[in-house]
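Summary of structural features
So the chains spell out like this:
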Amino acid sequence: MKLNLRFGLIFWAVQSAWILGEFAMGWHTTDVDVTRGAQGWFFFPAAAVMAWGLIAHKRANQALTYLNGLKMGAAIGVVVGALSIPFHFAYTTFLNPDYTRLMVDSMVATGTATLEDATAQFAMPGYAVGLFLFPIVAGVMTNAILSLFMKTSWR
């Protein structure tokens with residue numbers, strides 16, 4: 001469990017650094033359209049952290065079952081999701097209070113969503129649920145693929 005917590009914290013730190021880097025480059029303020037296209041690139045550091053966690057698990061336990069890989073992905077996702085909510089609240093409250101409005105305006109301007117849909121996507125109760133659930137699903141899916149190549153047994 002300590003390993004899952006440690007890699008959850010590492011993943012959250014990498015994710016937070018990525019978000020702050022996007023902000024520093026102006027992707028959350030002046031070039032909002034860039035961030036929506038560039039967010040997919042986060043998959044590479046995310047997968048690297050997950051693979052690192054699986055390697056650490058394998059070294060610590062001398063084995064890695066496919067099921068343990070999936071559990072590790074879910075556990076890391078829970079840690080990341082739980083920490084993402086206060087991070088995003090602080091980010092959108094103190095550092096970049098215009099973030100939500102700018103993202104909604106960008107989505108409407110590019111025709112990605114209607115004003116109602118974009119506003120609903122960033123409404124706080126639903127947005128917080130998404131911030132918590134997405135890392136869990138993404139962690140399980142990423143580790144489902146990585147564990148296929150790194151497992152020593154299925155169970």
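Each chain carries its own residue numbering, running from 1 in the written order of its sequence. This being a predicted model, a pLDDT of at least 70 is required before a residue's local features are given, and a value of 80 or more before pairs of side-chain atoms are given or counted; all residues contribute to the totals for chains, interfaces and linings. Calculated side-chain values reflect all of the structure's heavy atoms, with hydrogen atoms and water omitted.

Strands are runs of DSSP state E lasting at least two residues, helices are runs of H or I lasting at least four, and both sets are numbered from the N terminus onward. Assigned secondary structure in the protein consists of seven helices and zero strands. When the helices and strands of the protein are read in sequence order from the N terminus, they spell out α-α-α-α-α-α-α. With the C-alpha coordinates aligned to their principal axes, the bounding extent of the protein is approximately 50 × 25 × 25 Å. A 1.4 Å probe rolled over the protein chains alone gives each residue an accessible area, and that area as a share of the maximum for its type sets the label: buried under 20%, exposed over 50%, partly exposed in between. Relative to its 155 residues, the protein shows a buried fraction of 41%. For this analysis, residues touch if any pair of their heavy atoms sits within 4.5 Å. Contacts spanning at least 24 positions in sequence make up 76% of the contacts within the protein whose residues lie at least 6 apart. Computed with the Shrake-Rupley method and a 1.4 Å probe, the accessible areas treat only the protein chains shown as cover for residues. Only carbon and sulfur atoms are counted for the fraction: they give 71% of the accessible area of the protein, which is about 8,700 Å². Counting rule for charge: Lys and Arg are taken as positive, Asp and Glu as negative, and neither His nor the chain ends is counted. In plain terms, the charge of a residue is placed at NZ if it is Lys, CZ if Arg, CG if Asp and CD if Glu. Counting 9 positive and 7 negative side-chain charges, the protein places the averaged centre of each group 31 Å from the other.

What follows covers the pattern of salt bridges. Pairs can form between side chains of opposite charge once their charged atoms are near each other. We count a salt bridge whenever a side-chain nitrogen from Lys or Arg sits within 4 Å of a carboxyl oxygen from Asp or Glu. Using the criterion set out here, one finds two salt bridges in the structure. Between Asp 98 and Arg 101 there is a salt bridge whose closest N-O contact spans 3.8 Å. With a relative accessible area of 45%, Arg 101 lands in the partly exposed category. A salt bridge links Asp 105 to Arg 101, with the nearest nitrogen and oxygen atoms 3.5 Å apart. Of this pair, Asp 105 and Arg 101 both sit in helix H5 (residues 99-109), separated by four residues, roughly a single helical turn. Residue classification places Asp 105 among the partly exposed residues on the basis of a relative accessible area of 39%. It is possible to trace a salt-bridge network through shared partners that takes in Asp 98, Arg 101 and Asp 105.

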